Each structure stands twice: as C-alpha cells, then as structure tokens.
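Structural description and commentary
Spelled out, the chains give:
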Amino acid sequence: MTLKTDPALEVLGDRTQQATIAEGHEGSVRFRVRTRDELGPANLTFSAKAGEAGAARRIDLSVRPATPYLTSLKAGML
C-alpha cells in the first residue's frame, strides 16, 4: 500500500507499507498524517498492488484551523 498526499499534508513515517492478506479476508495498514500551515482542500491517494493487479482510491478532505476564528464584541452605555 502506498500513500501520496498534497503539499498541505505530511506523511509521518513510511509512505509505503506491506501487508499479507489471505484470500477472502480483509486487512489494514495505518499511516500517520500531519497537516501543514496550508489551509484548504487536500487529497490523499491510496494505491494497492498485488502482483500485476492494482487499485487506487482518492479521498478529498478539508484542512481547517484547530479552532474557529472568534470575534469578541463588548458594548455598553453610560
């Protein structure tokens, strides 16, 4: 399994991992991904290959600040 990302994301560790999955069964691999300072849309592209067969899946996500922007307003009357 291989993971490719946009510049807005950074893969921590290896971009390629191997898994042995028996026929008719499922398996999983884990990737650690960190966002960079670039906000907006980002893409993850997962590619899997076994022998000559392969498949790819693209996932779109949105990178936003950890906390929303906040505007404080205080008003009063004397």
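Scroll up for the structure.
A quick note: this is a predicted structure, and the numbers were derived from the prediction, not measured.

Some thoughts on the sheet that holds strand 4 (residues 40-50)
- With respect to topology, 3 strands assemble into an open sheet ordered 1-4-5, the strand pairing being antiparallel. With partners counted over all chains shown, the strands left at the sheet margins are strand 1 (2-5) and strand 5 (53-63), one partner each. Strand-to-strand twist across the sheet, computed as the mean angle between neighbouring axes with direction ignored, equals 20°.
- Inspection of the sheet shows strand 4 paired to strand 5 by 11 bridges, in the antiparallel sense. From the neighbouring strand, Lys-49 faces strand 5, where its bridge partner is Gly-54.

Notes on the pairing of strand 4
- Sheet analysis places strand 1 next to strand 4, joined by 4 bridges and oriented antiparallel. Its bridge partner being in strand 4, Thr-5 is matched across the sheet by Leu-44.
- Hairpin remark: strand 4 followed by strand 5, antiparallel, with 2 residues in the connecting loop; positive phi at Gly-51, about 65°.

A word on the nonpolar core
- Within the largest apolar cluster, 8 residues are counted, these being Leu-3, Ala-8, Leu-9, Val-11, Phe-31, Ala-42, Leu-44 and Val-63.
- Of all the elements in the fold, those that place two or more residues in this core are strand 2 (9-12) and strand 4.

A short note on the layout of surface pockets
- Looking at the largest pocket, its volume works out to about 260 Å³.
- Lining the largest pocket are 13 residues, with Met-1, Ala-19, Ile-21, Ala-48 and Lys-49 positioned closest to its centre.
- For the lining of the largest pocket, the secondary-structure elements that each account for two or more residues are strand 4 and strand 5.
- Take the lining of the largest pocket: its biggest share by element is 3 residues, from strand 4.
- In terms of residue class, the lining of the largest pocket is built from 7 nonpolar, 5 polar and 1 charged.

Analysis parameters
- Residues numbered from 1 in each chain as written.
- Predicted model: local features only at pLDDT ≥ 70, side-chain atom pairs only at ≥ 80, totals over all residues.
- Heavy atoms only, no water.
- Pairing = 2+ DSSP bridges.
- Helix = DSSP H or I, 4+ residues; strand = E, 2+ residues; numbered from the N terminus.
- Axes fitted to C-alpha atoms, helices over the stretch in contact; angles between N-to-C directions.
- Core = buried A, V, L, I, M, F, W, Y, C linked by side-chain atoms within 4.5 Å.
- Buried < 20%, exposed > 50% of the residue type's maximum accessible area, 1.4 Å probe, protein only.
- 1 Å grid on protein atoms, 1.4 Å probe; cavity = no way out; pocket = protein on both sides within 12 Å on 5 of 7 lines; lining within 4 Å.
- Points joined across faces, edges and corners; volume = space filled by probe spheres on them.
- Nonpolar A, V, L, I, M, F, W, Y, C, P; charged D, E, K, R; others polar.

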